[in-house]
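Below are the chains, spelled out letter by letter.
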Amino acid sequence: MIVTVVPAGEAGFWVVLALGLAARYLLRWRRTGAALLLCLPLVDLLVLGATVLDLRHGAAARASHGLAAAYVGFTAAYGHSLVVWADARFAHRFAGGPKPPAAPKYGRARAAHEWRIFRRTLLAAGLTVALVSLMVLLVDDPARTGALTAWYPRTAWVTGISLVVAASYTVFPKRPR
């Protein structure tokens, strides 16, 4: 069951986001659009709830349970910035809004941008580890939680890569040609 819940949650996030932006800009239903955008965290809660229910009903923890935790951690850390990003582009494309600014490409501005991404990645990793740890406590059976604890090094790798990228733009800033 949980194998289908995570992709459905990811698809649901983008569908609710698209519906919220369409209501806001295409139909000019500002309140309805705002209400739909405020419902985005409910998608995460549904994924998390389904994961907890699956584990509470005796399912052996699998990689997909950890993926659910990673999904919730990612959307909690990056969700707001994704909505702001999509909103700016949707407003520009469909409502005559100003062209959204591009991410900086060079120098200190680019380094600062990469450090902001690192902070979000660190937050996502922290939330993922916390949720995985809670699931391990919930299952309370080391024989059934190996697939969950495998998410600890994965999260460390992703965070480490983000740290290396941010540090590289600080130490070796890209310069315009």
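Anything mentioned here points back to the structure above.
The text that follows walks through the structure, step by step, so that each part is easy to find.

Each value, and the rule that gives it
Residues numbered from 1 in each chain as written. Predicted model: local features only at pLDDT ≥ 70, side-chain atom pairs only at ≥ 80, totals over all residues. Heavy atoms only, no water. Helix = DSSP H or I, 4+ residues; strand = E, 2+ residues; numbered from the N terminus. Buried < 20%, exposed > 50% of the residue type's maximum accessible area, 1.4 Å probe, protein only. Salt bridge = Lys/Arg side-chain N within 4 Å of Asp/Glu carboxyl O. Core = buried A, V, L, I, M, F, W, Y, C linked by side-chain atoms within 4.5 Å. Contact = heavy atoms within 4.5 Å. Patch = residues over 30% accessible without salt bridge, like charges linked within 9 Å, V, L, I, M, F, W, Y side chains within 5 Å. Areas by Shrake-Rupley, 256 points an atom, 1.4 Å probe, with all protein chains shown as cover. Axes fitted to C-alpha atoms, helices over the stretch in contact; angles between N-to-C directions. Parallel < 35°, antiparallel > 145°, perpendicular 65-115°, else oblique. Nonpolar A, V, L, I, M, F, W, Y, C, P; charged D, E, K, R; others polar. Expected span 1.5 Å × (residues − 1). Arc of directions from axis to C-beta.

## Observations regarding the environment of Val84
Note on placement: Val84 falls in helix H4 (residues 63-95). Look at Val84 and you get partly exposed, because its relative accessible area is 45%. As for Val84 and Arg62, which are separated by 22 residues in sequence, their C-alpha atoms are 33 Å apart.

## Observations concerning the pattern of salt bridges
For the structure shown, the criterion picks out 2 salt bridges. The partner of Asp87 in a salt bridge is Arg24, with the nearest N and O atoms 2.9 Å apart. In this pair, Asp87 is assigned in helix H4 and Arg24 in helix H1 (residues 2-26), connecting sequence segments 63 residues apart. Taken as a pair, Asp87 and Arg24 share a single burial class, namely buried. For Arg110, the salt bridge goes to Glu114, with nearest N and O atoms at 2.8 Å. With Arg110 and Glu114 both in helix H5 (residues 107-139) and 4 residues apart, this pair spans about one turn of that helix. Among the residues examined, Arg110 registers a relative accessible area of 19% and is labelled buried. You can call Glu114 buried: its relative accessible area is 8%.

## As for unusual backbone geometry
Residues other than glycine seldom take positive phi values, yet Arg28 does so here, at roughly 60 degrees. Residue position: Arg28 is located in the loop between H1 and helix H2 (30-38). For Arg28, a relative accessible area of 59% puts it in the exposed group. Although it is not a glycine, Asp140 adopts a positive phi angle of roughly 55 degrees. Mapped onto the elements, Asp140 comes out in the loop between H5 and helix H6 (146-149).

## Description of the nonpolar core
If you look at the biggest cluster of nonpolar residues, it comprises 35 residues, and the most contacted ones within it are Phe13, Leu17, Leu21, Leu37, Leu40, Val47 and Tyr71. Listed by contribution, the elements that provide at least two residues to this core are H1, helix H3 (40-56), H4 and H5. The element that contributes the greatest number of residues to this core is H4, accounting for 12 residues. Not counting residues within four places of it along the chain, the set of residues in contact with Phe13 comprises Leu40, Val43, Tyr71 and Leu82.

## Observations concerning a nonpolar patch on the surface
On the surface, Leu26, Leu27, Trp29 and Phe94 cluster together to form a nonpolar patch covering roughly 430 Å² of accessible area. Among the structural elements, Trp29 can be located in the loop between H1 and H2. Overall, the relative accessible area of 49% leaves Trp29 in the partly exposed class.

## Here's the deal with the packing of H3 against H4
Interaxial distance between H3 and H4 falls to 10 Å at its minimum, and their mutual angle equals 170 degrees. The orientation of H3 relative to H4 falls into the category roughly antiparallel. Counting all contacts with H3, which are made through Leu40, Val43, Asp44, Val47, Leu48, Thr51, Asp54 and Leu55, the residues of H4 involved are His65, Ala68, Tyr71, Val72, Thr75, Ala76 and Val83. Residue composition of the contact of H3 with H4, grouped by class: 10 nonpolar, 3 polar and 2 charged.

## Focus on helix H7 (residues 151-171)
Counted at 1.5 Å a residue, the expected span for H7 with its 21 residues is 30 Å, and the 30 Å between its end C-alpha atoms agrees. Within H7 the residues assigned to the buried category are Trp151, Thr155, Thr159, Ser162, Ala166 and Tyr169. Within H7, the buried residues cover an arc of 85 degrees as seen down the axis, which keeps them to one side. Pointing more than 90 degrees away from the buried face of H7 are the exposed residues Trp157, Val164 and Val171.

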